[in-house]
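Analysis of the macromolecular model
Here is how the chains run, residue by residue.
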Amino acid sequence: MKIKEMLEKVKQELESAHITDSAEAEWLVALTLDIKRSDVYALANKELTISQQKKIVAYLKKRKKHIPLAYIIGNAEFFGLSFFVNKDVLIPRPETEEVVSEALKQIKPTSKVLDIGTGSGAIAVTVAKKKGAYVTAVDISKRALKIARKNAKNNQVNVDFLQSNVFSALNNRKFDVIISNPPYISEKEYQSLMPEVKDYEPKLALVTEDDGLKIYKQIIKDAPKYLNKNGKIVLEIGYNQGEAIKNLLKQDFKDIEIKSDLQGNDRIALASLK
Ligand SMILES: C[S@@+](CC[C@H](N)C(=O)[O-])C[C@H]1O[C@@H](n2cnc3c(N)ncnc32)[C@H](O)[C@@H]1O
């Protein structure tokens, strides 16, 4: 079978499972063959080996059950770096790359940085890799921390990982910059998410109480104790949470900015300790 024939088969089978974005088929074939997505058409007449065909068909079977491709292949790209992912961690999102870009502007190679809710380690590992800063990362999930440690090792960076409920394990440590992409979806919003997210990504990484504000409230209330003078906070926020976050920040923080992502939605909150 040629690549172009396989591509057509994959497209049709995905459509039958209501997965209609044609890029999905291209990604599935490209990632299985370890080629660029753009090369799928350039190599369209290339014959697939039997083992390549078997691998594509096995992945297709999983994808038709709406398992996200990143979990099927066990890999997600984030900020040009490669991260192992499985069902114990959220698949890092492109919006979070924008949060990291903003955070990097606040970080020097000598900065002490804390990532709260590190998941796959995407934020912590990227900051350590790009800035060489001293990075501590916490998560309440032991299983997520195992993956994050593996990703730090694979990307050859040192990050101090700790199991912690927000700040609970940090004693009297202090940081220059606190970054967090915490769970921020309400139970009600969660019910309307696509099956790829709702059925496969960890609920602990997505949902929290208080209309999605619970963890922000914990972080913002205690952050002053854990920040050095002139310390900064950088939060990923939900598209409808800008006002609420601004209100939470204004007691102890100044220079509060709510920035939009490339889709035009509120996505990043930045502030400095008063
Ligand atoms: C939205 S995910 C973010 C993962 C990763 N930082 C990213 O941006 O891709 C939120 C993470 O927060 C963790 N988490 C949830 N509640 C927490 C808590 N109370 N304390 C620390 N981490 C928590 C979850 O286990 C999950 O890994």
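Residues numbered from 1 in each chain as written. Predicted model: local features only at pLDDT ≥ 70, side-chain atom pairs only at ≥ 80, totals over all residues. Heavy atoms only, no water.

Brief notes about the packing of aromatic side chains
- Throughout the structure, instances matching the rule amount to four aromatic pairs.
- Ring geometry for F167 and Y226: centres 4.4 Å apart, planes at 0°, overall stacked. Within this pair, whereas F167 is found in the loop between strand 5 (159-163) and strand 6 (175-180), its partner Y226 is found in helix 13 (residues 214-226), the two being separated by 59 residues in sequence. Like F167, the residue Y226 is buried in the burial classification.
- An angle of 20° between the planes, with centres 6.2 Å apart, marks the rings of Y184 and Y216 as stacked. Here the residue Y184 occupies a position in the loop between strand 6 and helix 9 (187-191), and Y216 occupies one in helix 13, the gap between them amounting to 32 residues. Comparing Y184 with Y216 shows no difference in burial state: the two are buried.
- Taken together through their ring pairs, the aromatic side chains of F78, F79 and F83 make up a single cluster. (Phe/Tyr/Trp six-rings, centres within 6.5 Å; stacked < 30°, edge-to-face > 60°. Helix = DSSP H or I, 4+ residues; strand = E, 2+ residues; numbered from the N terminus. Buried < 20%, exposed > 50% of the residue type's maximum accessible area, 1.4 Å probe, protein only.)

Observations concerning the domain arrangement of the chain
- You can read the domains of the chain as domain 1 (3-65) and domain 2 (88-273).
- Here domain 1 and domain 2 have C-alpha centroids that lie 34 Å from each other. (Domains from an automatic or database assignment.)

Describing the sheet that holds strand 6
- The mixed open sheet is built from seven strands, whose spatial order is 5-4-3-6-7-9-8. Because the sheet does not close on itself, it has two edges, and the strands there are strand 5 and strand 8 (253-260). With direction set aside, neighbouring strand axes in the sheet form an average angle of 15°.
- Taken together, the five bridges between strand 4 (residues 134-139) and strand 5 define a ladder with parallel strand orientation. Of the residues in strand 5, the one forming a bridge with D139 is Q163.
- Against the sheet, helix 8 (residues 142-154) engages strand 4 and strand 5, with an angle of about 170° to strand 5.
- The strands touched by helix 14 (residues 242-249) are strand 7 (227-236), strand 8 and strand 9 (266-273); relative to strand 8, the strand with the most contacts, the crossing angle is about 165°. (Pairing = 2+ DSSP bridges. Axes fitted to C-alpha atoms, helices over the stretch in contact; angles between N-to-C directions. Contact = heavy atoms within 4.5 Å.)

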